[in-house]
2 protein chains.
Amino acid sequence: MTQSVGYREVKADLLAQIRSGAFAPGALLPGEEELCRRYGAARATVNRAMRELAEDGLIERKRRAGSRVREAPLRQARFAIPLVRVEIESQGAAYRYALMRSRILPCPDWLRARLALPEATQMRHLACLHFADERPYQFEDRWISLAAAPGARDADMAALGPNEWLVRNVPFSTAQISFSAYAADADAAQMLGCAPGESLFRVERQTWREGASITYVSLLYRAGHRMTTTVGAG
Amino acid sequence: MTQSVGYREVKADLLAQIRSGAFAPGALLPGEEELCRRYGAARATVNRAMRELAEDGLIERKRRAGSRVREAPLRQARFAIPLVRVEIESQGAAYRYALMRSRILPCPDWLRARLALPEATQMRHLACLHFADERPYQFEDRWISLAAAPGARDADMAALGPNEWLVRNVPFSTAQISFSAYAADADAAQMLGCAPGESLFRVERQTWREGASITYVSLLYRAGHRMTTTVGAG
DNA sequence: TAGTGGTCTAGACCACATT
DNA sequence: ATGTGGTCTAGACCACTAA
């Protein structure tokens, strides 16, 4: 081993042994005490290395039973979901935002069912376009419950955009995000400047605070968009 | 605070104060020493709570400058990427797999460019269908580099499926995953039993080991598929 | 240059699951 | 019953960076 025996070294060394097959899938790893002796480190140090390997999905830990290399390394990916503005700017493009429609109306049935809202909840419905270098990049179709966020009734969404307004004004506790493919309807096609029926990448998100639904949003990206992440660079 | 003063309590309490606005966005949090006094905990305990809050994207930590509540809480979602078999079985459906095509051929140009492979690399190309309760669920189009995984040339993929074979036989170090929408071509439409041009959710993944490309796969899901995750339940 | 977070140590107690 | 991981403590040194 090296001189410094930090948890990073311990983790990297164990990782290398797992990848090389020295610790085969399903194999029992040495206990923490044993690893302390091998690496000359304190238990807290070894523990942190092992805990992170477990979080990364490479090993499985159980009291009394010890730590085992996972048979099928748990595949998990972390996606960053930045504000559109940040996403566009980080690509070196100029960001512009336009509020296309805004109105107050009762929650439609399909959304009431989805958000489990009581009947006759008033919502603010917004349609927005986000441009990258003056080309439509994302079409945002958003619903905000005025019961959960009364301030949204009169807030000016022309300058900042509902997403940033919500981030600043309405904290949330839980969100559900889902990704899917969506065939462009006439409205979306016109907004994004593509053919109707074109295959678009869609992100849907709904958020709650203490059980109460705050907002639902559908984000349609221009054709060809990819959401990418890299995994396991450790 | 409570009696036990574990890092979970400290974390939960700080989280509640952030969400309630007691610590506003941008605000400077007390230093670790100060928090130790307030909670009556050791610094390692407070440190773990703060470190996890930082990992969760809620606060930002800098040496000397202290810890601040993030202006825009960093949104990140973790997706589990299980084996299709596990995904289908966990929905309570019966899993079946069928190998539709398998051949050995030189890497096509578009893929060579994408994987940065040398010319004339031999690949095994496979087309597979994964069924849930006898309905097509996912169409897998896979390429495996025989340079990186020679064993794949003669491996029997009829019983197990290339994904599971790879998991068991070829460790990988890095993967790139991307999500997008894809308009069904004739082949995919026939495989999945949908109309050509239908909007399908696609997952693409490529993996490397020590700089060498191992495999590229495109996974097309049946129409209507959603990939969902929940965030911030803490 | 001083204050903050990052990390390590040595020791301890406990919860839990397997035996 | 016993061994393993989960967590906490008290103290220490260090790296970084804002002032």
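It should be emphasised that the depicted structure is a prediction, and the values quoted were computed from it without experimental measurement.

A. Focus on helix α2 (residues 32-39) of chain B. Residues and elements named next belong to chain B. Taken residue by residue, α2 has Glu32, Leu35, Cys36 and Tyr39 as its buried positions. Buried residues in α2, looked at end-on, bunch into an arc of 105°, giving them a common side. Projecting away from the buried face of α2 at angles above 90 degrees are the exposed residues Glu33, Arg37 and Arg38. Packing partners of the buried residues in α2 comprise α1 (7-20), α3 (43-55) and β1 (59-62). One or two residues past the end of α2 sits Gly40, with phi positive at roughly 65°.

B. Seen up close, the interface of chain A and chain B. Each side of the interface is counted separately: chain A has 46 residues, and chain B has 45 residues. For the pair chain A and chain B, the summed buried surface comes to about 4200 Å²; carbon and sulfur atoms form 49% of the total. Together, Arg75(A), Arg78(A) and Arg226(A) form the three largest contributors to the area buried by chain A at its contact with chain B, with a combined 18%. Linking chain A with chain B are 2 salt bridges. One salt bridge in this structure joins Glu204(A) and Arg226(B), with 3.3 Å as the shortest N-O distance. In this assembly, chain A and chain B are joined by 22 residue pairs in polar contact (both at pLDDT 80 or more). Within the residue set of the side of chain A that touches chain B, elements represented by two or more residues are α3 (43-55), β3 (76-80), α6 (162-169), β7 (174-183), β8 (199-209) and β10 (226-231) of chain A.

C. Inspection of the pattern of salt bridges at higher detail. All names here are of chain A. A complete count under the given rule lists 36 salt bridges over all chains for this structure. Linking Arg43 and Glu32 is a salt bridge whose minimum nitrogen-to-oxygen distance equals 2.8 Å. Note that Arg43 is positioned in helix α3 and Glu32 in helix α2 (residues 32-39), a separation of 11 residues in sequence. Given the relative accessible area of 13%, Glu32 is considered buried. In the salt-bridge network here, residues are joined through shared partners; they are Lys11, Arg48, Glu52 and Asp56.

D. Up close: the protein's contact with DNA strand D. Looking at DNA strand D, there are 24 residues lining it, with Arg43(A), Arg64(A), Gly6(B), Ala42(B) and Thr45(B) nearest. Here, DNA strand D places atoms within 4 Å of the protein, and 61% of those atoms are sugar or phosphate. Glu32(A) has a polar backbone atom sitting 3.1 Å from a phosphate oxygen of DNA strand D. Taking Tyr7(B), its main chain carries an N or O atom lying 2.8 Å from a phosphate oxygen of DNA strand D. No other element matches α3(B), which puts 4 residues into the surface near DNA strand D. Tallied by class, the residues present in the surface near DNA strand D amount to 5 nonpolar, 7 polar and 12 charged.

E. Quick peek at the protein's contact with DNA strand C. Close contacts around DNA strand C come from 22 residues, with Gly6(A), Ala42(A), Thr45(A), Arg43(B) and Arg61(B) the closest. Sugar and phosphate atoms form 59% of the subset of DNA strand C atoms that lie within 4 Å of the protein. The side chain of Arg48(A) places a nitrogen or oxygen atom 3.3 Å from a phosphate oxygen of DNA strand C. Within the residue set of the surface near DNA strand C, elements represented by two or more residues are α1 (7-20) and α3 of chain A together with α3, β1 and β2 (66-69) of chain B. The element best represented in the surface near DNA strand C is α3(A), accounting for 4 residues. Its residues assigned to classes, the surface near DNA strand C shows 4 nonpolar, 7 polar and 11 charged.

Reading the values: rules and limits
Residues numbered from 1 in each chain as written. Chains lettered and ligands numbered in written order. Predicted model: local features only at pLDDT ≥ 70, side-chain atom pairs only at ≥ 80, totals over all residues. Heavy atoms only, no water. Buried < 20%, exposed > 50% of the residue type's maximum accessible area, 1.4 Å probe, protein only. Helix = DSSP H or I, 4+ residues; strand = E, 2+ residues; numbered from the N terminus. Arc of directions from axis to C-beta. Contact = heavy atoms within 4.5 Å. Buried area = accessible area lost by both parts, 1.4 Å probe. Salt bridge = Lys/Arg side-chain N within 4 Å of Asp/Glu carboxyl O. Polar contact = N/O pair within 3.5 Å; in protein donor to acceptor, adjacent residues only side chain to side chain. Near = heavy atom within 4 Å. Nonpolar A, V, L, I, M, F, W, Y, C, P; charged D, E, K, R; others polar.

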